[in-house]
Amino acid sequence: MIIIPGSASKDLGIKVAKMLNVELVPIEHKIFPDGESYIRFTNDLKNNDAVIIQSCSPPQDKNLIELFLMLDNAKDLGAKSITAIVPYLAYSRQDKRFMPFEAISIKTIAKLIESIGIDEIITFDIHSLEILKNFKIKAMNFSAMSLLGKYFLNLGLKDPLVIAPDKGAQRHAEAIAKILNSEYTFLEKHRNRVSGEVITFHKNLNVKNKDVIIIDDIISTGSTIANASKIAKNEGAKDIYVGCTHPLLIGDARKKLKDSGVKKIVGTDCIINETSEVSVAPIIVEYLRKKL
Ligand code: R5P
């Protein structure tokens, strides 16, 4: 087995290869003056099982192209099997026509990936499990919630309330609450598809002087979490912690979250930034080890 990390998941790939004690093939990667991507594998992978790890975090389109180039190159160079690990699968949120005539973006991305002829694709905490049905190849979703749960368990918070900022995040909040042996609840959210404005409906929460953990799959602009944090603060919550798998944190999201009362944001290395304190490497390793 050979691990080939793309430029968006370099450290994660190195970690996985080290933990598995298998060969790592770094890539040479550059951007031409006109903006086109170039990649080269630094070793042969003929007749080997190739595992390509590349997140499609921002800049999504550049990282997606790099992913396509790596997968197709592995195919062309005679890899025995190809596993694509895409910790953050961009375009997943556009999984249907919310308005007439819209492109169903994830459907297109799925078609492009599977047309290369790879064997399987793995992603983390995909926005909706239904999305996997767009793939005709083996497509799996792994969850980082067990690792985020352990992180929060280690903080030793006393009887925290876990909050899902919308219905979609309920299963994540439930998973974390189970690990912490605590209660969870969810809020109702509405997003205006045109303006992007997020409205969260107020709800009485049993949080007086309690610590709160808000859990979501993605933090993008931060509006969803900021609304939930403000509601919890208004209800008398003590400290607000936020956990997510994909800390996109676009624009002024960090400030928005801080201003809403969030004490700490914890993300995973599905997307790399200063919040990525939890590594999903152990979950990837657990799966790949079975194939060795
Ligand atoms: C969508 O429902 C997702 O689960 C997240 O809640 C959403 O992507 C967060 O977006 P934002 O941070 O822009 O509110």
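The structure this text deals with has already been given above.
Residues numbered from 1 in each chain as written. Predicted model: local features only at pLDDT ≥ 70, side-chain atom pairs only at ≥ 80, totals over all residues. Heavy atoms only, no water.

Visitor: An account of the layout of surface pockets is requested, with residue identities and associated values reported.
Guide: Quantified by volume, the largest pocket comes out at close to 1,200 Å³. If you trace the largest pocket, you find 49 residues lining it, with Arg 93, His 127, Lys 189, Arg 191 and Arg 193 closest to the centre. Of all elements in the fold, only strand 7 (120–124), helix 5 (170–180), strand 11 (188–191), strand 13 (212–219) and helix 6 (223–234) reach the threshold of two or more residues within the lining of the largest pocket. (1 Å grid on protein atoms, 1.4 Å probe; cavity = no way out; pocket = protein on both sides within 12 Å on 5 of 7 lines; lining within 4 Å. Points joined across faces, edges and corners; volume = space filled by probe spheres on them. Helix = DSSP H or I, 4+ residues; strand = E, 2+ residues; numbered from the N terminus.)

Visitor: Which residues make up the pairing of strand 12 (residues 198–201), and what values do they have?
Guide: Here strand 12 shows a buried face lined by Val 198 and Thr 200 and an unburied face lined by Ile 199 and Phe 201. Bridging between strand 11 and strand 12 involves four bridges; their strand directions are antiparallel. Among the inter-strand pairings, Arg 191 is bridged to a residue of strand 12, identified as Val 198. Where strand 11 folds back onto strand 12 in an antiparallel hairpin, the turn is made up of six residues, including Gly 196, whose phi is positive at roughly 85°. (Buried < 20%, exposed > 50% of the residue type's maximum accessible area, 1.4 Å probe, protein only. Pairing = 2+ DSSP bridges.)

Visitor: Before we move on, can you summarise the site of the ligand with the specific residues and values?
Guide: Within the structure, the ligand sits among 14 residues, and Asp 216, Asp 217, Thr 221, Gly 222 and Thr 224 are positioned closest to it. Here an oxygen atom of the ligand and a side-chain polar atom of Arg 93 are 3.0 Å apart. Between the ligand and Arg 191 there is a distance of 3.1 Å, counted from an oxygen atom to a side-chain nitrogen or oxygen. Contact with the protein chains hides 92% of the accessible area of the ligand, taken as 370 Å² for the molecule alone. The site holding the ligand turns out to be the largest pocket. When residues of the shell around the ligand are traced back to their parent elements, those giving at least two are strand 11, strand 13 and helix 6. (Near = heavy atom within 4 Å. Polar contact = N/O pair within 3.5 Å; in protein donor to acceptor, adjacent residues only side chain to side chain. Areas by Shrake-Rupley, 256 points an atom, 1.4 Å probe, with all protein chains shown as cover. Sits in = over half its atoms within 2 Å of the grid points.)

Visitor: Could you give me a rundown of the sheet that holds strand 5 (residues 49–53), with the residues and numbers involved?
Guide: Sheet architecture is open: six strands sit in the order 2-1-5-6-7-8, paired in parallel fashion. Two strands lie at the open edges of the sheet, namely strand 2 (23–24) and strand 8 (138–142), each paired on one side alone. Pairing geometry for strand 5 and strand 6 (residues 81–86), over five bridges, is parallel. When the bridges of strand 6 are listed, Asp 49 appears paired with Ser 81.

Visitor: Go over the nonpolar core, please, and point to the residues and values.
Guide: Ranked by internal contacts, the top residues of the largest apolar core, which has 41 residues, are Ile 3, Val 16, Leu 20, Phe 124, Phe 152, Ile 284 and Leu 288. Counting residues per element, this core draws most heavily on helix 8 (residues 281–289), at six residues. When neighbours within four sequence positions are excluded, Phe 124 is seen to be in contact with Val 86, Pro 87, Asn 141, Phe 142, Ser 143, Ala 144, Thr 245, His 246, Cys 270, Val 280, Ile 283 and Ile 284. Judged by nonpolar contacts, the second largest core, of 39 residues, contains Val 25, Ile 27, Ala 79 and Val 86. (Core = buried A, V, L, I, M, F, W, Y, C linked by side-chain atoms within 4.5 Å. Contact = heavy atoms within 4.5 Å.)

Visitor: Give a description of the packing of aromatic side chains that names residues and reports values.
Guide: Counting across every chain of the model gives four aromatic pairs. When the ring of Phe 124 is compared with that of Phe 142, the centres are 5.9 Å apart and the planes differ by 80°; the resulting orientation is edge-to-face. On the criterion of sequence distance, the pair formed by Phe 124 in strand 7 and Phe 142 in strand 8 is long-range, its members being 18 residues apart. The same class applies to Phe 124 and to Phe 142, which are both buried. Three or more aromatic residues link up through ring pairs in this structure, and these residues are Phe 124, Phe 142 and Tyr 287. The side chain of Lys 30 reaches across the aromatic face of Tyr 38, ending 4.7 Å from its centre. A cation sits over an aromatic face here: Lys 203 above Phe 186, 5.0 Å from the ring centre. (Phe/Tyr/Trp six-rings, centres within 6.5 Å; stacked < 30°, edge-to-face > 60°. Lys NZ or Arg CZ within 6 Å of the ring centre and 35° of its normal.)

Visitor: Describe in detail a positive patch on the surface, supporting the description with residues and values.
Guide: Side chains of Arg 93, Lys 96, Arg 191 and Arg 193 sit close together on the surface and give a patch of like positive charge. Assessed through its relative accessible area of 46%, Lys 96 is described here as partly exposed. (Patch = residues over 30% accessible without salt bridge, like charges linked within 9 Å, V, L, I, M, F, W, Y side chains within 5 Å. Salt bridge = Lys/Arg side-chain N within 4 Å of Asp/Glu carboxyl O. Lys, Arg positive; Asp, Glu negative; His and termini not counted. Charge placed at Lys NZ, Arg CZ, Asp CG, Glu CD.)

Visitor: How would you sum up the pattern of salt bridges? Please name residues and give values.
Guide: Summed over all chains, the structure comprises 15 salt bridges. Between Glu 28 and Arg 40 there is a salt bridge, and its shortest N-O distance comes to 2.7 Å. With Glu 28 in strand 3 (residues 27–31) and Arg 40 in strand 4 (residues 37–41), this pair connects stretches of sequence that are 12 residues apart. Residue class for Glu 28 comes out partly exposed when judged on its relative accessible area of 36%. One salt bridge in this structure joins Asp 159 and Lys 210, with 3.6 Å as the shortest N-O distance. Placement of Asp 159 in the loop between helix 4 (145–155) and strand 9 (161–164) and of Lys 210 in the loop between strand 12 and strand 13 is noted, with a sequence separation of 51 residues between them.

Visitor: So what's going on with the environment of Leu 129? Which residues, and what values?
Guide: Relative to the helices and strands, Leu 129 resides in the loop between strand 7 and strand 8. You can call Leu 129 partly exposed: its relative accessible area is 46%. Setting aside chain neighbours within four positions, we find Leu 129 in contact with Asn 141 and Arg 171.

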